[in-house]
Amino acid sequence: MAEINRSNSPTTLDDLPEKLLLHILSFLPTQEAIQTTVISPKWRNLWSFLPCLSFDQKLFSPDETPSLTLQFFISFITRTLVHRSSHSDIHSLTLTLHFTADLRPYHSHINSYIRYAVAHNAKSLTIAFQSKYIRWFVSPENDAVYDFQFSLLKNSAVRILSLDRCNLTIVSTQSVALSTIYLHEVQLTDAMILELFSVCVNLESLSMYQCVGMKDIEIVSSKLKDLTLFTFECDEGSLKINAPNLGSLWIAFFGVGHYVIEASALFEANICFIHKVSNYRYWSKVMRLLGHVERLSFQNWGYKVVAAKELFCSGFSFYNLKYLELDTMYSRSDLLGMAAALEHSPNLETLMLTRNLKIDEEDFEATISKEFGKINFSIPSLRKLKMKCYWGVEDDLRFLRLVIKNEVVLETIVLFPIRLTDGVKLPSIVLVKQLQRFQVLHGSFPNVDILYI
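So, here's what we can say about the structure. Owing to the predicted nature of the structure, the values given are computational and were not obtained by experimental measurement. (Residues numbered from 1 in each chain as written. Predicted model: local features only at pLDDT ≥ 70, side-chain atom pairs only at ≥ 80, totals over all residues. Heavy atoms only, no water.)

A few words now on the overall build of the protein. Looking only at helices and strands, one finds 10 helices and 21 strands in the protein. With 453 residues in all, the protein has 48% of them scored as buried. Residue pairs in contact within the protein that sit at least 24 positions apart in sequence constitute 60% of those at least 6 positions apart. As displayed, the protein offers around 22200 Å² of accessible surface, 54% of which is attributable to carbon and sulfur atoms. (Helix = DSSP H or I, 4+ residues; strand = E, 2+ residues; numbered from the N terminus. Buried < 20%, exposed > 50% of the residue type's maximum accessible area, 1.4 Å probe, protein only. Contact = heavy atoms within 4.5 Å. Areas by Shrake-Rupley, 256 points an atom, 1.4 Å probe, with all protein chains shown as cover.)

Dropping the structure here:
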């Protein structure tokens, strides 16, 4: 073996290239990165070339009052930008401040920081106002909320925008080059959402978390590829998605009276509602629109799936579905719901099962006592089964017996035990089919014969 030449190897941090040191510093909040000036003379001005600037008020030493703390924090940001190298571009700017009425006098400062980022060709911009309370939207005119002006991004290099607890002002005559937008607790209107896509003609990813003010939401875009809609409820409202290139859709706790999804390229979808009987109406309306996806994640609503003839009606199927992640338990009701879903997924190849939390559920045990004896899993294409949170109790084993009884081409079963041994999580259990029977390839499993009883 050739001897390693250590003569040119770095021996201290000072020996590392500046580009690498700046990359390391970019993972630190700017307040901490500036403190590295005391390490050595080489580090004295290194911070002024940082490509990623991150200012977080909660990391700033508190003063006598919150108002004074905010004043000194704003002053620190200003001084940092003034003394930073004027010839060095930045990649990202992140401002995280406390959500408080004391911010009102500093809105113009925040605008100036955004202009600085734009002038230095920032690609990513995050403005967040944090609080332990949910934002109160009742009186926005009296709310000292920062109003983000989309006009600040005109002709900018910013591609990623994240806003938390802001208001928005959008002028439809001004286009911006954003490709990704994340909105959290932002007050919107139906018109603003339409304007958003009119202004951001290249928008590919949109996430809306706990936003309010909408009713009839229209998302119309030929460029959108990824859409996340999280927490909203308006039974009198509607959601219309017209996005021919949309590939990924996540709808979580987003309940409206009517849904339309026109997305021919949709590849994967994740649908989640709090598992209360009253929320089933939302879940079922969305599920009927997803027959063409290849990857799908949803909750098992048990016997309600079987009883809902309008959901799995004659001729309906998830005809393209190859991968299904199902949040479920393994009661009789759950097995019936699972059987209904599998029956309408003829080309399913991989099934991932996770434990589901049910807040309330109608009692179907008396109703399904006769139905239970008829349960059969239609899994002609299933090759791989994964069970997360495996307990090894009778319900789990009963499910596994049903799978093995009905499988055709199943090759592998992977179980992820939930129990701990001496505080250590048990390793996964892998069963593989050999000579028409499943054998343990990895992990510890009781006598495999119990699966054939």
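This is not the end of the story, as more comes after the structure.
Looking now at the environment of Gln299. When you line up the elements, Gln299 lands in strand β13 (residues 295-299). Once residues within four sequence positions are removed from consideration, Gln299 is found in contact with Ile271, Cys272, Phe273, Ile274, His275, Trp283, Leu326, Asp327 and Asn356. In this structure the side chain of Gln299 is engaged in a polar contact, spanning 2.3 Å, whose partner is the backbone oxygen of Phe273. (Polar contact = N/O pair within 3.5 Å; in protein donor to acceptor, adjacent residues only side chain to side chain.)

This structure, assessed with the given rule, holds 11 salt bridges. Lys58 is the salt-bridge partner of Asp56, the closest N and O atoms lying 2.5 Å from each other. Assessed through its relative accessible area of 11%, Asp56 is described here as buried. The shortest N-O distance in the salt bridge between Glu204 and Lys225 comes to 4.0 Å. Here Lys225 lies in the loop between β9 (216-220) and β10 (226-242) and Glu204 lies in the loop between α5 (190-199) and β8 (205-209), a separation of 21 residues in the sequence. (Salt bridge = Lys/Arg side-chain N within 4 Å of Asp/Glu carboxyl O.)

A few words now on the nonpolar core. Counting residues in each nonpolar core, the largest one holds 132 residues, and the members touching the most others are Phe150, Phe377 and Phe399. Apart from residues no more than four positions distant in its own chain, Phe399 is found in contact with Tyr330, Leu335, Met338, Leu353, Phe377, Leu385 and Met387. (Core = buried A, V, L, I, M, F, W, Y, C linked by side-chain atoms within 4.5 Å.)

Turning our attention to the side chain of Thr30. Relative to the helices and strands, Thr30 is located in helix α2 (residues 30-34). The class of Thr30 is buried, set by a relative accessible area of 0%.

The next point concerns helix α4 (residues 107-119). Taking 1.5 Å of rise per residue, the 13 residues of α4 would be expected to cover 18 Å, and the 19 Å separating its terminal C-alpha atoms lies within 8% of that figure. Among the residues making up α4, those that are buried are His107, Ile110, Asn111, Tyr113, Ile114, Tyr116, Ala117 and Val118. Buried residues in α4 make contact with α3 (66-83), β2 (92-98), β3 (124-130) and β4 (147-149). Where α4 ends, the next residue or the one after it, Asn121, has phi of about 60°, a positive value. (Expected span 1.5 Å × (residues − 1).)

Considering the arrangement of structural elements, one finds Asn279 in the loop between β12 (268-272) and α6 (280-287). Accessibility expressed as a relative area gives 13% for Asn279, which makes it buried.

Each aromatic ring pair is summarised here by two numbers: the centre-to-centre distance and the angle between the ring planes. Scanning the entire structure with this criterion turns up 19 aromatic pairs. Arranged with centres 5.1 Å apart and planes meeting at 35°, the rings of Phe232 and Phe254 form a pair that is tilted. Of this pair, Phe232 sits in strand β10 while Phe254 sits in strand β11 (residues 248-262), and the two are 22 residues apart along the sequence. An aromatic cluster is built from Tyr182, Tyr209, Phe230, Trp250 and Phe253, whose rings are joined through pairwise contacts. Sitting above the plane of the Phe99 ring, Arg165 keeps its charged end 5.4 Å from the centroid. Arg295 extends its terminal NZ or CZ atom over the ring of Tyr323, reaching a point 4.0 Å from the ring centre. (Phe/Tyr/Trp six-rings, centres within 6.5 Å; stacked < 30°, edge-to-face > 60°. Lys NZ or Arg CZ within 6 Å of the ring centre and 35° of its normal.)

Quick look at the packing of α3 against α4 now. Packing of α3 against α4 leaves a shortest axis separation of 11 Å and a crossing angle of 25°. With respect to α4, the axis of α3 lies roughly parallel. Helix-helix and strand crossings are classified by hand; for α3 and α4 the assignment is left-handed. Touching Ile74, Ile77, Thr78 and Leu81 of α3 are His109, Tyr113 and Tyr116, all from α4. Across the contact of α3 with α4, the residue classes break down as 5 nonpolar, 2 polar and no charged. (Axes fitted to C-alpha atoms, helices over the stretch in contact; angles between N-to-C directions. Parallel < 35°, antiparallel > 145°, perpendicular 65-115°, else oblique. Left-handed = near helix turned anticlockwise from the far one by under 90°. Nonpolar A, V, L, I, M, F, W, Y, C, P; charged D, E, K, R; others polar.)

Our focus in this paragraph is a nonpolar patch on the surface. Taken together, the side chains of Trp391, Val393 and Ile418 make up a nonpolar region of the molecular surface, amounting to roughly 230 Å² of accessible area. A relative accessible area of 34% places Val393 in the partly exposed class. (Patch = residues over 30% accessible without salt bridge, like charges linked within 9 Å, V, L, I, M, F, W, Y side chains within 5 Å.)

Moving on to the environment of Leu451. Along the chain, Leu451 falls in the segment after β21 (437-442). Excluding anything up to four places from it in sequence, Leu451 contacts Leu397, Leu400, Arg401, Ile404, Leu431 and Phe445.

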